[in-house]
Amino acid sequence: MKEEVEKPDKCSCHKFVVVFIFLTTFAIILLSYYMEKDQKVAPPPLNSLGQNKVYTVPVWDLTTASKGDNFCRFPPVSPEDAVEERLLLASNAWPTPSLLTNFSLSKTSNPRGSHFVILTKDWDPQWHVGDQLKVLIQINDFQGNPKKTGGDFILARLHNPVLRAGVTGQVTDHLNGSYSAEFPLLWDGRAEVEVTLVHPSEAITVLSRLTKEHPDRVQFVSIFRSGKVSEQTVCNVCLRPTKEPICNFTDSKTGEPWFCYKPKKLDCDTRVIHSRTNFIVNFGPYATLFQSKVNMNVFISPSGASSVNVLQNVNGTASGSKFNQSGYYLNGLWQSLTSTPVHHFDTTAAISQCLQNKMLYMYGDSTVRQWYEYLIGRLPDLMHFNMNSLKLIGPFMGIDYKRKTMVRFRVHGPPLRFTPLPVAELHYVANELDTLVGGENTVVVFGVWAHFGTFPTEIYIRRLLSIRKAVVRLLKRAPDTLVVIRTANLRHLTPAIAWTNSDFYSMERDKILRAVFKDVNVRWVDAWEMTVSHYLPHDIHPPVPIIKNMIDVLLSFICPGMVS
């Protein structure tokens, strides 16, 4: 005998089914639209630059240098790019002394034997908000002698742990072993100076040589597959000169180079997987220049007082000169020193309201992916679709149907030091930007820097110039599009990390990034200053309190009139 079950009301059930079918259909249509759009704009597999073709590369094709130890050079895409490249390299040149043949650690910079002193004001013994504080830094060697040359990488910040306040100092190299750092006084109360030697000048010389002589110290491979046959070969932006057959995967639109050694049995067009494998770390005789707690990321002590007491400005206005910094922390919150004030979006409702009717496209490395993950975590109504994507790679998309909000993330093209990923997911940022319609409801965010530390600066300039051209094209067809750039940031340093991702490399690329886009209508999230001046330890992936402040800056650009 069958058990009778109470039947639901037919009317309410019918309404539920109708609503369910409508929402499901809408979601499928929307997802199909974006997936179809991606498929339509994908670049063709073959191109005039020889992609997927095999050829033997003579030495002169892989290097334009006069010596074989600098093989990672490519001619710029255009004569205009060549001129700009030379200007960028000249204006951002670092003063590095030459290493002596008979290297001696005793004659290199010793942070524990160096010191700084706060310079007093002759006209007023008291300090007020708005004043500029100046510090003189003297670097000595391990024998106690003053250095006679510059080129040390020094960071400075002013902070107050109780107020959770901090601001970066502008460091000037006087090229004679002495440096100065200037800070704006931005809060009343105690302000303590902190000076850090990140790398001695001799270590900078080693790091500069590494990018020219060993740009392949991070190793990449690709898997080629056809049926049951599978082969793996070494790949990179630059392959060492050889007569072995090479597969050329240079991008047809951007001209971005990428090469793999050809498999023994398979053709170039059977490449399916890209991956990073090994880091080769060997400083050789200069390993002593990269010692934690000795000469890498070590505090320099003060000679005399290390702090000043700052009084309120009785006039209510800043008495100092124009601020060079982009902002500072007070009570753990980022305060802008630029024309756009920072609002603090502390609630889900505030973030959702700001992103209503917005399409937010994010491109770059894992430091940009952090932003996507933060927003997904703070917005429960943002439905996350990974479309069977790899956890760290993407592409990812989040949609809030009610508020008509879409957030997307995609990694940038090679070089990528990620886990194995399909070659089909390697998309260059410039090509992605060319697929966007743009407009007042479109926000573009990108951050491209962390994966370029091992390569000569010219390689990074080449990538940025291609992205800038795409940004300019986007802003021409849709001037109301908001473009936001995330800068580089500091990280925790160990000798192994310094080999590939030193803060010196990040700082160099940060300077180049700002110079390339200085005349373009873009906004900046200054991750460099936001990590230098914060009280938390440096990390390639900044902790949540810093990410929260970065998102506040981003949302303040999107919703400048919104009061959080």
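Residues numbered from 1 in each chain as written. Predicted model: local features only at pLDDT ≥ 70, side-chain atom pairs only at ≥ 80, totals over all residues. Heavy atoms only, no water.

## What about the overall build of the protein chain?
Consideration 1: If you tally the helices and strands in the protein chain, you get 12 helices and 26 strands.
Consideration 2: Here the analysis covers contacts within the protein chain between residues at least 6 apart in sequence; of these, 75% occur between residues at least 24 apart.
Consideration 3: Carbon and sulfur atoms form 56% of the exposed surface of the protein chain, whose accessible area is close to 26,300 Å². (Helix = DSSP H or I, 4+ residues; strand = E, 2+ residues; numbered from the N terminus. Contact = heavy atoms within 4.5 Å. Areas by Shrake-Rupley, 256 points an atom, 1.4 Å probe, with all protein chains shown as cover.)

## Notes on the state of the cysteines
Consideration 1: Evaluation of the coordinates by the stated rule reveals four disulfides.
Consideration 2: Paired by a disulfide, Cys235 and Cys260 hold their sulfur atoms 2.0 Å apart. With the S-S bond torsion at 105°, the cross-link from Cys235 to Cys260 turns out right-handed. Placement of Cys235 in strand β11 (residues 229-236) and of Cys260 in strand β13 (residues 259-261) is noted, with a sequence separation of 25 residues between them. Of the two residues, Cys235 and Cys260, neither departs from the other in class, the shared state being buried. (Disulfide = S-S within 2.5 Å. Buried < 20%, exposed > 50% of the residue type's maximum accessible area, 1.4 Å probe, protein only.)

## Observations concerning the packing of helix α3 (residues 79-91) against helix α8 (residues 457-477)
Consideration 1: Close contact between α3 and α8 brings their axes to 11 Å; oriented N to C, the two are set at 125°. In terms of orientation, α3 lies oblique with respect to α8. Once α3 is placed against α8, the crossing between them reads as right-handed. On α8, the residues touching Asp81, Glu84, Glu85, Leu88 and Leu89 of α3 are Thr457, Glu458, Ile461, Leu465, Arg468 and Lys469. (Axes fitted to C-alpha atoms, helices over the stretch in contact; angles between N-to-C directions. Parallel < 35°, antiparallel > 145°, perpendicular 65-115°, else oblique. Left-handed = near helix turned anticlockwise from the far one by under 90°.)

## Considerations on the side chain of Thr233
Consideration 1: Here Thr233 shows up in strand β11.
Consideration 2: Of the polar contacts made by the side chain of Thr233, one reaches the backbone oxygen of Tyr261; its length is 2.7 Å.
Consideration 3: Once residues within four sequence positions are removed from consideration, Thr233 is found in contact with Phe220, Val221, Ser222, Phe224, Cys260, Tyr261, Lys262 and Pro263. (Polar contact = N/O pair within 3.5 Å; in protein donor to acceptor, adjacent residues only side chain to side chain.)

## Structural notes on the pattern of salt bridges
Consideration 1: Under the definition given, this model contains 23 salt bridges.
Consideration 2: One salt bridge connects Glu194 with Arg157, and the closest N-O pair in it is separated by 3.0 Å. Placement of the pair is Glu194 in strand β9 (residues 189-199) and Arg157 in strand β5 (residues 153-160), with a sequence separation of 37 residues.
Consideration 3: According to the relative accessible area criterion, Arg157 is buried, its value standing at 10%.
Consideration 4: Here the salt bridges share partners, and the residues they tie into one network are Lys253, Asp434 and Arg473. (Salt bridge = Lys/Arg side-chain N within 4 Å of Asp/Glu carboxyl O.)

## Brief notes about the environment of Arg369
Consideration 1: Locating Arg369 in the fold gives a position in helix α6 (residues 366-378).
Consideration 2: Sequence separation between Arg369 and Phe396 is 27 residues; the distance between their C-alpha atoms is 9.3 Å.
Consideration 3: When neighbours within four sequence positions are excluded, Arg369 is seen to be in contact with Leu392, Phe396, Phe409 and Phe418.

## Re the nonpolar core
Consideration 1: Counting residues in each nonpolar core, the largest one holds 57 residues, and the members touching the most others are Leu433, Phe446, Val471 and Phe517.
Consideration 2: Take this core: its biggest share by element is 10 residues, from α8.
Consideration 3: Excluding anything up to four places from it in sequence, Val471 contacts Leu433, Phe446, Val483, Phe517, Val520 and Val522.
Consideration 4: The next biggest cluster of nonpolar side chains, apart from the first, holds 45 residues, and it includes Val368, Phe396, Leu421 and Val484. (Core = buried A, V, L, I, M, F, W, Y, C linked by side-chain atoms within 4.5 Å.)

## Some remarks on the packing of aromatic side chains
Consideration 1: All chains considered together, the criterion is met by 15 aromatic pairs.
Consideration 2: Between Phe74 and Phe259 the ring centres are 6.1 Å apart and the planes differ by 10°, which places this aromatic pair in the stacked class. Residue Phe74 is found in the loop between α2 (59-62) and α3, and its partner Phe259 is found in strand β13; the two are separated by 185 residues along the sequence. This pair shows no difference in class: Phe74 is buried, exactly as Phe259 is.
Consideration 3: The rings of Trp94, Phe153, Phe504 and Tyr505 are connected pair by pair, giving a single aromatic cluster.
Consideration 4: Here the guanidinium or amino end of Arg217 rests over the ring plane of Trp499, the centre of that ring lying 5.6 Å away.
Consideration 5: Note that Arg271 overlies the ring of Phe249, its terminal NZ or CZ placed 4.5 Å from the centroid. (Phe/Tyr/Trp six-rings, centres within 6.5 Å; stacked < 30°, edge-to-face > 60°. Lys NZ or Arg CZ within 6 Å of the ring centre and 35° of its normal.)

## Some thoughts on the pairing of strand β16 (residues 307-311)
Each regular strand displays side chains that alternate between the two surfaces of the sheet.
Consideration 1: Side chains Val308 and Val310 project from β16 onto a buried face, and the interleaved Ser307, Asn309 and Leu311 project onto a face without burial.
Consideration 2: Strand direction decides the pairing type here: strand β3 (residues 127-128) and β16, joined by two bridges, are parallel. Within β16, the position partnered with His128 by the bridge is Leu311.
Consideration 3: Inspection of the sheet shows β9 paired to β16 by four bridges, in the antiparallel sense. Within the sheet, the bridge partner assigned to Arg190 lies in β16 and is Asn309. (Pairing = 2+ DSSP bridges.)

## So, the sheet that holds strand β20 (residues 383-385)
Consideration 1: The seven strands lie next to each other as β20-β21-β22-β19-β24-β25-β26, forming an open sheet whose pairing is mixed. Since the sheet does not close on itself, it has two edges, and those belong to β20 and β26 (523-525), each with one partner. Direction aside, the axes of adjacent strands within the sheet are offset by 20° on average.
Consideration 2: Pairing of β20 with strand β21 (residues 396-400) involves three bridges; the strand directions are antiparallel. When the bridges of β21 are listed, His384 appears paired with Gly398.
Consideration 3: Against the sheet, helix α12 (residues 544-558) touches β19 (359-364), β24 (442-447), β25 (482-486) and β26, its axis set at about 165° to β26.

## Thoughts on the confidence of the model for the protein chain
Consideration 1: For the protein chain, the average pLDDT comes to 87, and 85% of its residues sit at 70 or higher.
Consideration 2: Considering only residues more than four positions removed or in separate chains, one finds that residues 1-68, a stretch of pLDDT under 50, has 70 contacts. (pLDDT = per-residue confidence, 0-100.)

## Observations concerning unusual backbone geometry
Consideration 1: With an omega dihedral of 10°, the bond running from Pro414 to Pro415 counts as a cis peptide bond.
Consideration 2: In the Ramachandran plot, Lys404 falls in the positive-phi region, its phi being about 55° despite a non-glycine side chain.
Consideration 3: Following the sequence through the fold, Lys404 ends up in the loop between β21 and β22 (405-411).

## Considerations on helix α4 (residues 201-213)
Consideration 1: Compared with an ideal rise of 1.5 Å per residue, which puts 13 residues at 18 Å, α4 spans 19 Å between its outermost C-alpha atoms and is within 8% of the ideal.
Consideration 2: All of the buried residues in α4 are Ser201, Glu202, Ala203, Ile204, Thr205, Val206, Leu207, Leu210 and Thr211.
Consideration 3: Among the structural elements, β2 (109-118), β5, β9, α9 (495-501) and α10 (503-516) are those in contact with the buried residues of α4. (Expected span 1.5 Å × (residues − 1).)

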